[in-house]
2 protein chains.
Amino acid sequence: MSFDRLIKKIIETKNPTVVGLDPLVEYVPEYIRNDCFAKYGETLEGAAEAILVFNKSIIDEIYDIVPAIKPQAAYYEMLGYQGVRVLEETIRYAKSKGMFVMTDGKRNDIGATMTAYAKAHLGETVVGGNSIEAFGADALTVNGYLGTDGIEPLLEICEKKDKGIFVLAKTSNKSSGELQDQKIDGTPVYAIMGDMCEKWGSQQIGEYGYSCVGAVVGATYPEQLNELRERLPHTLFLVPGYGAQGGGAEGLAGAFDSRGLGAIVNSSRAVMCAYKKEECDEKDFAKAARREVIRMRDDITAYINMD
Amino acid sequence: MSFDRLIKKIIETKNPTVVGLDPLVEYVPEYIRNDCFAKYGETLEGAAEAILVFNKSIIDEIYDIVPAIKPQAAYYEMLGYQGVRVLEETIRYAKSKGMFVMTDGKRNDIGATMTAYAKAHLGETVVGGNSIEAFGADALTVNGYLGTDGIEPLLEICEKKDKGIFVLAKTSNKSSGELQDQKIDGTPVYAIMGDMCEKWGSQQIGEYGYSCVGAVVGATYPEQLNELRERLPHTLFLVPGYGAQGGGAEGLAGAFDSRGLGAIVNSSRAVMCAYKKEECDEKDFAKAARREVIRMRDDITAYINMD
């Protein structure tokens, strides 16, 4: 349908940020790790359980002031199916607290397979007489390299179940320009992907003017953020790269429209590892995460007008 | 290191094909489904168990005549973590039978996250004092839209653990040309991605002349197969789209070099659902899969010279 559900939560919390839950087991305070290793051994299950405790504690401390979380699939897959089980549980827990959940999977494939991914992450799987949500996130990041027929199955589920997708346009990493900055008839690839987002979303635009198809645009490229914000009026931006990757708050202003909407900025490690940076008692890790969330919100909203 | 391990198995079996295990629960014969639903209910677990029985039976019937399987992650993710558990078990089972396993995940991300995917699917995860293989496939399909720093973590693990990757170049789907056929300074995007494969693989070339970095090029585009085979002498091709998607065997000849090497052709549905097409007893599904594998091998090798 659109990203209205997310945008309403952003307005409600006056906070256009999302907390990335990309947990390495090393990020989890030692007392939790030791506890889980004692119960399950130094196994994938033990590590996964430690991460689940860590995630839930952070969610408990931030759900009232942050609209969304973004778990990154890779970090859960590192722990095999036990990790993927914790991805499911983390999504379910955050949703039970009223948060909007974007699974960062950057999935992509041909149409038939993309239907499977769409059902897996946003929709339902039919087993006999039952329809079951496998992961049940609210949004999924995807890669548009395969063109329209890899996106259409997602659009159907967005329409039916009020979900959204974010398509990679200009990614935050150093080498993103190797392909993305190359020009096709004078237009860089990232802008062509952006134009596709406008097209794909054109039938599902919500009350704030943004469709169900967003784009990923890195905080590390403020010039492209500005350029794409002007070029893509109906495309909500998911902006990674703030903080740890080097993108500053002042450069983010151009990602937002005049109402202070149009973008949601991600921070992962700085929130998860706030307790390490603060050098506080590790038992205080979730409260340190909350303090970092507030710091980030104030840092970013200082440059935009959300009234 | 290179794709030598795979190429040796291709030569050994005189069969340059791979069986895609992309199982929808509807593909599984009813007697297996009923049995698993009776045990586990019409649940994700029940469906996943049915697929595991199905996969193992097919592997048992084909491992001596096919070098590799290619499970497609999406179809396992559809069944939540229970499905992902069956992906793990399928990989482990095929490897125990001596098969080469390529996980089709089309993963992609920035460097730090790609390190997590590389460890998850090809390498090992460290938990306390243990190093554990989460999925342990031999190769992984990936998407190169993010450029070199999303590929480097994979190259490291390829080197260390003798693994390989296949990067999307020209995909088999209808809309693949929307971006992939666009030209940058006269060169189509699929060829630019192909050139990157040559560059990324240049330090890890094996005894047959192929590196650890392959490319995905669809059977549905025989002209591009020919063009890329000439352009990319060190890049092994994974060729989807034969059969169900409409790519014929005669069009595949150009994917191979003069020794009959250089490509491996995938077939998924035609093998998994051979018993439906044959209309044989459903209990004969695995033997029907074997018959289709032989038919496919003979169909394709008729056009190439493997001696």
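Everything below is about the structure shown above.
Computed from a predicted structure; not experimentally measured.

Peer 1: So what exactly am I meant to see when it comes to the packing of aromatic side chains here?
Peer 2: The description of an aromatic ring pair rests on the distance of the ring centres and on the angle between the ring planes. This model, assessed by the stated rule, comprises nine aromatic pairs over all chains. Taken together, a centroid distance of 6.3 Å and an interplanar angle of 55° make the contact between Phe3(A) and Phe100(A) tilted. Of this pair, Phe3(A) sits in the segment before α1 (4-13) while Phe100(A) sits in strand β3 (residues 100-107), and the two are 97 residues apart along the sequence. With relative accessibility at 4%, the residue Phe100(A) sits in the buried group. With a centroid separation of 5.3 Å and 15° between ring planes, the pair formed by Phe54(A) and Phe285(A) is classed as stacked. Taken together, the positions of Phe54(A) in helix α3 (residues 44-62) and Phe285(A) in helix α13 (residues 285-301) put the pair 231 residues apart, joining distant regions of the chain. Cluster of aromatic residues (ring-pair linked, three or more members): Phe3(A), Phe100(A) and Phe166(A). Positioned above the aromatic ring of Tyr221(A), the side-chain terminus of Lys170(A) is 4.0 Å from the ring centre. Across the ring face of Tyr93(B), the terminal group of Lys56(B) is positioned such that the distance to the ring centre comes to 5.1 Å.

Peer 1: Would you mind going over the interface of chain A and chain B with me for this structure?
Peer 2: A common way to express how large an interface is: the accessible area buried when the components associate. In this assembly, 69 residues from chain A lie in contact with 69 residues from chain B. Taken over both partners, the interface formed by chain A and chain B buries close to 5400 Å², and the fraction arising from carbon and sulfur atoms is 59%. When the buried area of chain A at its contact with chain B is split by residue, Met78(A), Tyr81(A) and Tyr145(A) rank highest and sum to 15% of it. Summed over the shared surface of chain A and chain B, the result is four salt bridges. At the junction of chain A and chain B, the tally comes to 43 residue pairs in polar contact (both at pLDDT 80 or more). Ranked by residues supplied to the side of chain A that touches chain B, first place goes to helix α6 (residues 111-121) of chain A with seven residues. When its residues are assigned to classes, the side of chain A that touches chain B shows 32 nonpolar, 23 polar and 14 charged.

Peer 1: Help me out: how do you make sense of unusual backbone geometry in this one?
Peer 2: Note: most residues except glycine have negative phi, and most peptide bonds are trans. Residues and elements named next belong to chain A. The phi dihedral of lysine 14 is positive, around 45°, even though this residue is not glycine. Its location among the elements puts lysine 14 in the loop between α1 and β1 (17-21). Judged by relative accessible area, lysine 14 falls into the partly exposed class, the value being 47%.

Peer 1: Is there a simple way to think about the pairing of strand β7 (residues 164-170) of chain A in this case?
Peer 2: Successive side chains on a regular strand alternate, one facing one side of the sheet and the next facing the other. Residues and elements named next belong to chain A. Most of β7 is tucked away: seven of the seven residues are buried. Bridging between strand β6 (residues 139-142) and β7 involves four bridges; their strand directions are parallel. Paired with threonine 141 across the strands is phenylalanine 166, a residue of β7. Following the chain from β6 across helix α7 (residues 152-161) to the adjacent parallel β7, one finds a crossover that is right-handed.

Peer 1: What is the right way to look at empty space enclosed by the protein in this model?
Peer 2: Scanning all chains against the criterion turns up three cavities of 30 Å³ or more. Quantified by volume, the largest cavity comes out at close to 80 Å³. If you trace the largest cavity, you find 14 residues lining it, with Glu77(A), Val84(A), Glu77(B), Val84(B) and Arg107(B) closest to the centre. Considering only enclosed or pocket space, the second largest cavity measures out at about 40 Å³ in volume. Considering the residues around the second largest cavity, the lining is formed by Pro23(A), Leu24(A), Val25(A), Glu26(A), Ile51(A), Tyr75(A), Met78(A), Leu79(A), Thr125(B) and Val126(B). A class-by-class count of the residues in the lining of the second largest cavity yields eight nonpolar, one polar and one charged.

Peer 1: Can you help me understand the state of the cysteines in this one?
Peer 2: Simply put, the disulfide is a covalent bond whose two ends are the sulfur atoms of two cysteines. All told, the structure shown has zero disulfides over all chains when counted by the stated rule. Its sulfur unpaired, Cys280(A) is 11 Å from the next cysteine sulfur, which belongs to Cys273(A). Here Cys158(B) is not disulfide-linked; the sulfur of Cys212(B) is the nearest cysteine sulfur, at 4.3 Å. On the accessibility criterion, Cys158(B) (0% relative accessible area) is buried.

Peer 1: So what exactly am I meant to see when it comes to the relation of the copies chain A and chain B here?
Peer 2: The pair of chain copies shares a relation made of a rotation about an axis and a shift along it. In screw terms, the move from chain A to chain B is a rotation of 180° and a rise of 0.0 Å along the axis, fitting with an RMSD of 0.0 Å. Viewed as a symmetry operation, the transformation between the two copies matches a two-fold axis.

Peer 1: Please explain the environment of Ala169(A) as it appears in this structure.
Peer 2: Its place among the elements puts Ala169(A) in strand β7. Apart from the residues within four sequence positions on either side, Ala169(A) is in contact with Gln180(A), Tyr190(A), Met193(A), Ala215(A), Val216(A), Val217(A) and Tyr145(B).

Peer 1: Is there a simple way to explain the nonpolar core in this structure?
Peer 2: For soluble globular proteins, nonpolar side chains are generally found buried alongside one another. Membership of the largest hydrophobic core comes to 233 residues, with the highest contact counts inside it found for Leu6(A), Met102(A), Ile165(A), Leu6(B), Met102(B) and Ile165(B). When residues no more than four places from it in sequence are discounted, the contact partners of Met102(B) are Leu6(B), Val18(B), Ala68(B), Ile69(B), Lys70(B), Pro71(B), Ala139(B), Phe166(B), Leu238(B) and Ile264(B).

Peer 1: Could you clarify how one ought to interpret the packing of helix α2 (residues 30-40) of chain A against α3(A) in this entry?
Peer 2: The description of two helices packed together rests on the angle between their axes and the distance between the axes. Residue and element names in this part refer to chain A. Interhelical geometry of α2 versus α3 gives an angle of 140° and a closest axis separation of 8 Å. Overall, the two elements α2 and α3 adopt an arrangement that is oblique. With respect to the hand of their crossing, α2 and α3 are arranged in right-handed fashion. Contact residues: Ile32, Arg33, Cys36, Phe37 and Tyr40 in α2; Glu45, Gly46, Ala47, Glu49, Ala50 and Val53 in α3. Tallied by class, the residues present in the contact of α2 with α3 amount to seven nonpolar, one polar and three charged.

Peer 1: Could you clarify how one ought to interpret the environment of Val167(B) in this entry?
Peer 2: Residues and elements named next belong to chain B. Turning to its location among the elements, valine 167 is positioned in strand β7 (residues 164-170). Here valine 167 falls in the buried class, since its relative accessible area comes to 0%. Considering only alpha carbons, one finds valine 167 and methionine 196, 29 residues apart in sequence, at a separation of 9.3 Å. In contact with valine 167, other than residues within four places in its own chain, are Val142, Gly144, Met193, Cys197, Trp200, Val213, Gly214, Ala215 and Val216.

What counts and what doesn't
Residues numbered from 1 in each chain as written. Chains lettered and ligands numbered in written order. Predicted model: local features only at pLDDT ≥ 70, side-chain atom pairs only at ≥ 80, totals over all residues. Heavy atoms only, no water. Phe/Tyr/Trp six-rings, centres within 6.5 Å; stacked < 30°, edge-to-face > 60°. Helix = DSSP H or I, 4+ residues; strand = E, 2+ residues; numbered from the N terminus. Buried < 20%, exposed > 50% of the residue type's maximum accessible area, 1.4 Å probe, protein only. Lys NZ or Arg CZ within 6 Å of the ring centre and 35° of its normal. Contact = heavy atoms within 4.5 Å. Buried area = accessible area lost by both parts, 1.4 Å probe. Salt bridge = Lys/Arg side-chain N within 4 Å of Asp/Glu carboxyl O. Polar contact = N/O pair within 3.5 Å; in protein donor to acceptor, adjacent residues only side chain to side chain. Nonpolar A, V, L, I, M, F, W, Y, C, P; charged D, E, K, R; others polar. Pairing = 2+ DSSP bridges. Right-handed = clockwise from strand over helix to strand, strands pointing away. 1 Å grid on protein atoms, 1.4 Å probe; cavity = no way out; pocket = protein on both sides within 12 Å on 5 of 7 lines; lining within 4 Å. Points joined across faces, edges and corners; volume = space filled by probe spheres on them. Disulfide = S-S within 2.5 Å. Least-squares fit on C-alpha atoms with pLDDT ≥ 70 in both. Core = buried A, V, L, I, M, F, W, Y, C linked by side-chain atoms within 4.5 Å. Axes fitted to C-alpha atoms, helices over the stretch in contact; angles between N-to-C directions. Parallel < 35°, antiparallel > 145°, perpendicular 65-115°, else oblique. Left-handed = near helix turned anticlockwise from the far one by under 90°.

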